[in-house]
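Coordinate inspection notes
One letter stands for each residue in the lines below.
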Amino acid sequence: MMRVQVMLRAENLGNIAPHRWMGNKSNPYAKLELVGVSGTSNQSIEVGKTEVIHGNLSPEWTEIFIIDHSESDNWTQLKVSIFDCRRSVKDEGSHAGGATAMATSIRVLPSFVGSSRHDPVMGEANIEVGDILEMEGQQQECELDQGGSLFVRVTESVEGEDEGEFECQVRGLDVKNIEAGWLGLGAVDPYFEMSKKYLVGGMPKWDVVYRSEHMPNIVNPYWRPFKLNLEKLCNCNLRKELKITLWDYESKRKPRLIGELPVSIDILRENVTRGGNANRERALSFRDKVGDADEEEVGLLVVIKADITV
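Because the structure is predicted, anything quoted here is derived from the model rather than measured. For every chain, the first residue of the written sequence is number 1, and numbering continues from 1 along that sequence. For this predicted model, a pLDDT threshold of at least 70 governs which residues receive local features, and a threshold of 80 or more governs which side-chain atom pairs are given and counted, while totals over whole chains, interfaces and linings are taken from all residues. Based on all heavy atoms of the structure, the side-chain values leave hydrogens and waters out of the count.

1. Thoughts on the overall build of the protein chain
So the rule is basically this: Secondary structure counts use DSSP, requiring at least four H or I residues in a row for a helix and at least two E residues in a row for a strand, with both numbered from the N terminus. Should any heavy atoms of two residues lie within 4.5 Å, those residues are counted as being in contact. Note on areas: Shrake-Rupley, 1.4 Å probe, and residue coverage restricted to the protein chains presented here.
The secondary structure content of the protein chain amounts to three helices and 17 strands. Sequence-distant contacts in the protein chain: of pairs separated by 6 or more residues, those separated by 24 or more amount to 69%. Split by element, the accessible area of the protein chain, about 15,200 Å² in all, is 45% carbon and sulfur.

As structure tokens, then:
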């Protein structure tokens, strides 16, 4: 048996939100099912659900599903169903997901996974794991009858021998304020995404594995701690190339890129601050326009905690 990871995203989903003529958008989440268990074609078991992403018709979910794929049979059938969540709660940070949130004093509400019994379907697709593993990029696009496309990526799960969970907390310092108006009023609403690298035809691509909550109107954000399984985060390889991307959250439009920072788990562990959470000595630099002549620093990342627990 081969352990594989299944990652989901969608583009241009049909909007079925109530009062959509007033600008409301659906709150999509996905459910993954393993089809044909116990040697039958009509039985299925639920593998899990993604987080809810509010008001977004092109969601990139951070939840990663790990399943066993039979290499001898080369046949593992999955069903993906996308729902519009009608009973979730939206608040600051409600777009976050993909990890276990740890205790924090910051007031945020996570994305609550909906109940598919009450939520209308936005699209469904059946896929076969063996077929996707043989595709270039190991990704399949499925056109949905209700509108839009579902993208399913399947990869081998384990690349290294490192085991356990990664417990981490970071904060930002001196984030470039791209929100300021004419009088210098207003501030960015920063959040970050952590992604892992893969290659398609020699070109780098990125899978988002964690998305933080956004912090409103602040250039020195202090994000809540999180915990991620090493297999999902870095395929059990502490030296695997990762990237932390810093965004400015926008409630009515697409988020704006602030800067990027290439890292690995080893790099984060080597640069834990020793002088408090505002100390810049070991801080890592977010950069904008990387590789261009006008590349610049747009903020610092202070690593407060980066521990491996078994």
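2. Side note on the nonpolar core
What counts here: Throughout, nonpolar core names a set of buried Ala, Val, Leu, Ile, Met, Phe, Trp, Tyr and Cys residues whose side chains join them through atoms within 4.5 Å. Any residue under 20% of the maximum accessible area for its type is buried, any over 50% is exposed, and the rest in between are partly exposed; the area is computed with a 1.4 Å probe on protein chains only.
Judged by nonpolar contacts, the single largest core of 33 residues is most densely connected at Phe166, Met194, Leu233, Ile244, Leu268 and Leu301. At four residues, the largest contribution of residues to this core is made by strand β17 (residues 296–309). Not counting the four nearest positions on each side in its chain, leucine 233 is found in contact with Phe166, Met194, Lys196, Val209, Leu228, Leu242 and Ile265.

3. Here we look at the packing of aromatic side chains
The line we're drawing: Any pair of Phe, Tyr and Trp rings, taking the six-membered ring for Trp, is counted once the centres come within 6.5 Å. Such a pair is stacked with planes under 30 degrees apart, edge-to-face with planes over 60 apart, and tilted for the rest. By the criterion adopted, a ring carries a charge over it if an Arg CZ or a Lys NZ lies within 6 Å of its centre and within 35 degrees of its normal.
Applying the stated rule across the entire model yields six aromatic pairs. Taken together, a centroid distance of 5.5 Å and an interplanar angle of 25 degrees make the contact between tyrosine 29 and phenylalanine 83 stacked. Taken together, the positions of tyrosine 29 in strand β2 (residues 28–35) and phenylalanine 83 in strand β5 (residues 77–84) put the pair 54 residues apart, joining distant regions of the chain. With relative accessibility at 5%, the residue phenylalanine 83 sits in the buried group. Judged by centre distance (4.9 Å) and plane angle (70 degrees), the rings of phenylalanine 192 and tryptophan 223 are edge-to-face. Here tryptophan 223 lies in the loop between β12 (203–211) and β13 (226–229) and phenylalanine 192 lies in strand β11 (residues 190–200), a separation of 31 residues in the sequence. Grouping residues by exposure puts phenylalanine 192 and tryptophan 223 together as buried. Taking the ring centre of phenylalanine 151 as reference, the NZ or CZ of arginine 9 above it sits at 4.0 Å. Its end group placed over the ring of tyrosine 198, arginine 153 keeps NZ or CZ at 3.4 Å from the ring centre.

4. Remarks on the sheet that holds strand β8 (residues 139–143)
This is how it is decided: By this definition, two strands are paired if DSSP reports at least two bridges between them. Interaxial angle, 0 to 180 degrees, is taken between N-to-C directions of lines fitted to C-alpha atoms, where a helix line uses only the stretch in contact.
Taken together, four strands build an open sheet; the order of strands is β4-β1-β9-β8 and the sheet is antiparallel. Edge positions in the sheet fall to β4 (65–69) and β8, since each of these pairs with one other strand and no more. Within this sheet the neighbouring strands show an average axis-to-axis angle of 30 degrees, counted without direction. As defined by bridge partners, strand β1 (residues 2–11) adjoins strand β9 (residues 149–156) across eight bridges and the pair is classed as antiparallel. By the bridge assignment for β9, methionine 7 is matched with arginine 153.

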